[in-house]
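The chain contents come next:
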Amino acid sequence: MNHYKYLIIGGGVAGTTAAETLRRGDKESSIAIVSDEPRMYSRIMLSKANFFLGKIPFDNVWLKEEKWYTENKIDFIGNTLATKLNAQDKTIELKDGKVLQYEKLLLATGGEAREWPLPGADKKGICYVRDLSQVKILMENVKTAKQAIAVGSGFVSFEMCEMMKMAGIEDVTLIMREPYYWYPLLDKESSQMIEDALTKGGVKIIREDEVKEILGDSRISGVVLNDGKKIDCQTAVIGIGLACYLDWVKEAGIEINKGILANEYLETNLSDIYTAGDSAEFNDLILGEKVQLGNWINAQTQGRTVAKNMLGTHEAFKMVSFYTCIGFGLNIAMSGDVRVKTECRVVKRGSPEINSFARIIVDCNDEIVGATFINRSQDLMLINKLIETNFKVSGHESELSDPNFDLKQLLSK
Amino acid sequence: MANVKEYARDKEGSNISKIVVDLDLCIGAASCIAVSEATYELNNENKAVVTDANAVDDETLIMSAESCPTKAILLFDKEGNQVFPK
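This is a predicted model, so every value here is computed, not measured.

Conventions we followed
Residues numbered from 1 in each chain as written. Chains lettered and ligands numbered in written order. Predicted model: local features only at pLDDT ≥ 70, side-chain atom pairs only at ≥ 80, totals over all residues. Helix = DSSP H or I, 4+ residues; strand = E, 2+ residues; numbered from the N terminus. Buried ≥ 20, exposed ≤ 12 C-beta atoms within 10 Å, placed from the backbone. Contact = placed C-beta atoms within 7 Å. Rg over C-alpha atoms; globule rule 2.2 N^0.38 Å. Core = buried A, V, L, I, M, F, W, Y, C linked by C-beta atoms within 7 Å. Pairing = 2+ DSSP bridges. Axes fitted to C-alpha atoms, helices over the stretch in contact; angles between N-to-C directions. Domains from an automatic or database assignment. Left-handed = near helix turned anticlockwise from the far one by under 90°. Nonpolar A, V, L, I, M, F, W, Y, C, P; charged D, E, K, R; others polar. Expected span 1.5 Å × (residues − 1).

**Q** Would you mind going over the overall build of chain A with me for this structure?
**A** When helices and strands are tallied, chain A shows eleven helices and 25 strands. Within the span of chain A, comprising 413 residues, buried residues form 46% of the whole. Considering only contacts within chain A whose residues lie at least 6 apart along the sequence, 62% involve residues at least 24 apart.

Right, dumping it as structure tokens:
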């Protein structure tokens, strides 16, 4: 039985960054990563034009070369799954029956694209954008499809609608349950900017409707919506969220909810077992509640923090979470808590008319708790700093709402 | 010609003498800023720009480049050899 000081389940950005940080802090001890993928790549790149449309070499998607693992003395156990955890014996069993022993265990198992819950959802042409193998299939499909649909109103659909249009698909239709794009995280005004960009880019938008039936034999040929409308398509991109499959973790006695529950140190309820990344449902010190976030920077930063804690420091994870996406000439970002609760007010900065619009969400304590940005990325990190430092908004509304006011001036106050 | 922006670095004791940001690759993910906000910021075109090439030590600078999901940050040593990505 192989014995590792540090065993990491999951070879994505959280697990790999953790391994990297562990090695920086401990040059000698044994480290292993168990991953269901061949090695670490850029999930973010998968939906970007440079990669998706082949403008850069395919191999640029890999963020770690094979030699990186050997040079850093990290055992990479790829293309397999962990299937059983025995916390008492401190062992992990893999799909092939192999058993690994650990001293400290990190569960950075990420998540899967939520499956389309409809009969016939296994037909060819129905694609997801979660991992490299799925995107390879989608890249093949867009070569021949003349019509396509995207389902969902989040960043997957937004970015993929642009990719499909750029790949030359004539008819791209976006189908969403919501009354407007990114509801309820965005307001109607911001959403209108996105929908205008989609429409201008040649995407048809169908709101407040759902697919009730998938047509076609082995391959999708179309869909029927709840209102009876039929749309022909040879490809469908499904972006309806993330799901974590954690039964094996739960069976080991680890508390889970939607994700693996953890405190602000990213420790689970069992000693020497940690979690980080998309699978972690952790105590967010900024928001003051348990949250699960599915984004690159959160996973990467948690990977660093959790490794430090595995090395013996006691460092809380504290970060204003944010994510960004691009498409149709827009860059969109959200940071902190973007839900506008009844006691909150919103300070608008810029406007849709000038194609540059941010909303700064202020809570009843007069502090900024979150913000949304369209074509205002220059404000993103500065607003995050104001959130982090509990900046008091009163008296600064006119500065915050002036799109030309330099927010750096507020940081020293 | 690649659309790149170069920044000279002359920090004492540092082996890295140049930071290059490939603006065609940069997607404004801001992961570099999450590592070192003293070094980078996003401009109004959603691209990372270096505001202070000497702000941090080599280890932090390498971490910031490693964090980029599109490998848009390149680091060079005094002899002009690429230090990252290797």
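Structure shown, so let's carry the discussion forward.
**Q** I'm lost on the overall build of chain B in this one. Help?
**A** Helices and strands together make up the secondary structure of chain B, namely two helices and six strands. A compact globule built from 86 residues should have a C-alpha radius of gyration of about 12 Å, and chain B, at 12 Å, falls within 12% of that. With respect to the three principal axes, the spread of C-alpha positions in chain B is 35 × 30 × 20 Å. Here chain B holds 86 residues, and 43% of them are scored as buried. Counting only contacts in chain B whose residues sit at least 6 apart along the sequence, the fraction spanning at least 24 positions is 46%.

**Q** How should the nonpolar core be read in this particular structure?
**A** When a protein is soluble and globular, its nonpolar side chains tend to lie buried together. Residues and elements named next belong to chain A. Counting 146 residues, the largest nonpolar core has Ile8, Ala18, Leu106, Ala236 and Ala276 as its most contacted members. With seven residues, helix α5 (residues 155–166) is the single largest residue contributor to this core. Aside from chain neighbours lying at most four places away, what touches Ala236 is Gly125, Ile126, Cys127, Ala148, Ile149, Val151 and Ile220.

**Q** So what exactly am I meant to see when it comes to the sheet that holds strand β1 (residues 4–8) of chain B here?
**A** Sheet strands associate in pairs through backbone hydrogen bonding, adopting either a parallel or an antiparallel arrangement. All names here are of chain B. Sheet architecture is open: four strands sit in the order β1-β2-β5-β6, paired in antiparallel fashion. Each edge of the open sheet carries a strand with a single partner, namely β1 and β6 (82–84). Direction aside, neighbouring strands of the sheet carry axes that sit 30° apart on average. Lying over the sheet, helix α2 (residues 58–66) contacts β2 (16–22), β5 (73–77) and β6, oriented at roughly 145° with respect to β5.

**Q** I'm lost on the pairing of strand β3 (residues 74–77) of chain A in this one. Help?
**A** Consecutive side chains of a regular strand alternate in pointing toward one face of the sheet and then the other. Residue and element names in this part refer to chain A. The alternating pattern of β3 places Ile74 and Phe76 on a buried face, while none of Asp75 and Ile77, on the opposite face, is buried. Summarising the sheet, strand β2 (residues 31–34) and β3 pair through four bridges and their orientation is parallel. Within β3, the position partnered with Ala32 by the bridge is Asp75.

**Q** Any chance you could explain the sheet that holds strand β17 (residues 260–262) of chain A here in plain terms?
**A** All names here are of chain A. Here we have three strands laid out as an open sheet, ordered β17-β19-β20, and mixed in their pairing. The two strands at the open ends of the sheet, each matched to only one other strand, are β17 and β20 (289–292). Across this sheet, the average inter-strand angle for adjacent strands is 30°, counted without regard to direction.

**Q** Sorry if this is basic, but what is going on with unusual backbone geometry here?
**A** Residues apart from glycine generally show negative phi values, whereas peptide bonds are mostly found in trans. Geometrically, the link from Tyr183 of chain A to Pro184 of chain A is a cis peptide bond, its omega value of 5° lying close to zero. Mapped onto the elements of the fold, Pro184 of chain A is located in the loop between β10 (171–175) and α6 (188–200). In this structure, Trp182 of chain A is a non-glycine residue whose phi angle is positive, near 65°. For Trp182 of chain A, the location among the structural elements is in the loop between β10 and α6. Here Lys71 of chain B, not a glycine, exhibits a phi torsion of approximately 50°, which is positive. Locating Lys71 of chain B in the fold gives a position in the loop between α2 and β5. Residue classification places Lys71 of chain B among the buried residues on the basis of 20 C-beta atoms within 10 Å.

**Q** When you look at the domain arrangement of chain A in this model, what are you seeing that I'm missing?
**A** Domain boundaries in chain A define domain 1 (2–110 + 244–310), domain 2 (113–238) and domain 3 (329–411). Taking only C-alpha atoms into account, the centre of domain 1 of chain A sits 33 Å from that of domain 3 of chain A.

**Q** Looking at this model, I keep getting lost on the packing of helix α1 (residues 13–25) of chain A against helix α8 (residues 296–310) of chain A. Mind explaining?
**A** In a pair of packed helices, the angle between the axes and the distance between the axes together describe the arrangement. Residues and elements named next belong to chain A. The contact between α1 and α8 brings their axes to 7 Å, and the two run at 35°. For the element pair α1 and α8, the recorded crossing hand is right-handed. Seen from α1, the contacting residues are Val13, Ala14, Gly15, Thr17, Ala18, Thr21, Leu22 and Gly25; seen from α8, they are Trp296, Ala299, Gln300, Gln302, Gly303, Arg304, Val306, Ala307, Lys308 and Met310. Here the residues of the contact of α1 with α8 sort into nine nonpolar, seven polar and two charged.

**Q** For this particular structure, what's the right way to read α8 of chain A?
**A** All names here are of chain A. Taking 1.5 Å per residue as the helical rise, α8 with its 15 residues ought to reach 21 Å, and the 21 Å between its terminal C-alpha atoms agrees with that figure. The buried fraction of α8 amounts to 14 of the 15 residues, a majority that puts the element mostly inside the structure. Positive phi shows up at Gly312, right after α8, with a value of about 115°.

**Q** Help me understand the pairing of β20 of chain A in this model?
**A** Residue and element names in this part refer to chain A. Direction of pairing for strand β19 (residues 280–284) relative to β20: antiparallel, over a ladder of four bridges. Bridge pairing in β20 links Asn283 to Lys290. Here β19 hands over to β20 after four residues, with Gly288 in that stretch at a positive phi of 70°.

**Q** What am I meant to see in the environment of Trp116 of chain A here?
**A** All names here are of chain A. As for its position among the elements, Trp116 is in the loop between β7 (112–113) and β8 (126–127). On the neighbour-count criterion, Trp116 (17 C-beta atoms within 10 Å) is partly exposed. When the C-alpha positions of Trp116 and Cys127 are compared, they lie 9.8 Å apart, and in sequence the two are eleven residues distant. Apart from residues lying up to four places away in sequence, Trp116 is in contact with Ala121, Ile126, Val151, Ile238 and Ile240.

**Q** Mind showing me how you'd approach the environment of Lys200 of chain A here?
**A** Residue and element names in this part refer to chain A. With respect to the helices and strands, Lys200 occurs in helix α6. A tally of 10 C-beta atoms within 10 Å means that Lys200 is categorised as exposed. In the structure, Lys200 is positioned 143 residues away from Pro57 in sequence and 30 Å away in space, judged by C-alpha atoms.

**Q** It is not clear to me how the environment of Val237 of chain A should be interpreted in this structure. Could you clarify?
**A** All names here are of chain A. Turning to its location among the elements, Val237 is positioned in strand β15 (residues 235–238). On the basis of neighbour counts, which here come to 29 C-beta atoms within 10 Å, the residue Val237 falls in the buried class. For the pair formed by Val237 and Tyr128, sequence separation is 109 residues and the distance between their alpha carbons is 5.7 Å.

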